[in-house]
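What follows is each chain in one-letter form.
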Amino acid sequence: MSSRTPPPPAPSEEALAQQPASERIRWRLLQAQCRHHANDNISAFVREGELDELKQEVQAKAQELLRALVIDTEGDHNTHGTAERLARMYIDEVFGGRYRPMPTVTEFPNAERLNELMIVGPITVRSACSHHLCPILGRVWVGLLPNEHSNLIGLSKYARICDWIMSRPQIQEEAVMMLANELQSRVRPDGLAIVMEADHFCMHWRGVKDDRSAMVNSVMRGAFLKDANLRREFLSLLSRKTRE
Ligand SMILES: [Zn+2]
């Protein structure tokens, strides 16, 4: 949310209806003064049927991109359907976490009053960098120290929430923060730790072309910040899991 710029004046309903879906969605976001960076979820502003319209728009623009790259998509059967495939891949798959609402996650009370360290992972990460839209592939581990008031969620739900957040153009440092915020607000544990290790294909495919570069970063909150023993326990269990 930004309060710096006032929302633009409202166009008439007729004028808006003439606009492509991306412009209508953008207008709703601006009206609500809602941030819509590459890694933000905008599903609340997308109306029924508009994702199909978006795909058609993206396809038309991708076709222009191929044309600007001087690729003969008419004569070249390999690239004939590329614009359409790109549009579907971006909207439905690799950036689907921007357009799909949060997966339904049932939370249940911590009836057993579990208060021991829990580790979930490795969870496979499939993302893309915001800078080049190149793949980021990696793994995430989550450490939780629940208390009697925590809400527990099923193990598979960690992977679904993670996938929802990662399926957007991301920056690794922001991705782990987003995941931490989401889990913190749902589970409300005494401590939360997240470690992400990922391979950035923009480092392999282009740029420095370094084949050994993996990026690791972590978020530690609550008890994991205060208690060095807990942090050590988490990291040592994690390195044992990594070797397995
Ligand atoms: Zn990049």
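The rules behind these values
- Along each chain, residues carry numbers from 1 onward, in the same order as the chain's sequence is written.
- Residue-level local features of this predicted model are given only where pLDDT is at least 70; pairs of side-chain atoms are given and counted only at 80 or more, and the full residue set underlies all totals for whole chains, interfaces and linings.
- Annotation comment: domain bounds sourced from an automatic or database domain assignment.
- Note that contacts rest on C-beta atoms placed from the backbone: two residues are in contact if these are within 7 Å.
- Only DSSP runs of H or I covering at least 4 residues are called helices, and only runs of E covering at least 2 are called strands; the numbering of each starts at the N terminus.
- Side-chain classes are defined by residue name, with Ala, Val, Leu, Ile, Met, Phe, Trp, Tyr, Cys and Pro counting as nonpolar, Asp, Glu, Lys and Arg as charged, and the others, Gly among them, as polar.
- One fewer than the residue count of a helix, multiplied by 1.5 Å, yields its expected span.
- Buried, partly exposed and exposed are defined by the number of other C-beta atoms within 10 Å of a residue's own C-beta, namely 20 or more, between the two limits, and 12 or fewer respectively, with C-beta atoms placed from the backbone.

Taken domain by domain, the chain holds domain 1 (13–99) and domain 2 (107–243). Here the C-alpha centroids of domain 1 and domain 2 sit 29 Å apart. Each partner contributes to the interface: domain 1 provides 7 residues, whereas domain 2 provides 12 residues. By residue number, the principal contributor to the side of domain 1 that touches domain 2 is helix α5 (residues 96–99), which donates 3 residues. Tallied by class, residues from the side of domain 1 that touches domain 2 come to 3 nonpolar, 3 polar and 1 charged.

This part covers the environment of Glu182. Locating Glu182 in the fold gives a position in helix α7 (residues 172–187). In this structure, the C-alpha to C-alpha distance between Glu182 and Ile161, residues 21 residues apart in sequence, is 8.1 Å. Beyond its immediate chain neighbours, meaning those up to four positions away, Glu182 contacts Ile161 and Ile165.

For helix α4 (residues 82–94), which comprises 13 residues, the first-to-last C-alpha distance of 15 Å sits more than 12% below the rise-based estimate of 18 Å (1.5 Å per residue). Of the residues making up α4, those classed as buried are Ala83, Ala87, Tyr90 and Ile91.

Attention now goes to unusual backbone geometry. Leaving glycine out, the prevailing phi sign among residues is negative, and the prevailing peptide bond configuration is trans. Following Gly121, the chain continues into Pro122 via a peptide bond in cis, with omega recorded as 0°. Within the chain, Gln33 stands out as a residue other than glycine whose phi angle is a positive 50°. Note that Gln33 resides in the loop between α2 (21–31) and α3 (50–68). For Gln33, a count of 13 C-beta atoms within 10 Å corresponds to the partly exposed category. In the Ramachandran plot, Arg113 falls in the positive-phi region, its phi being about 55° despite a non-glycine side chain.

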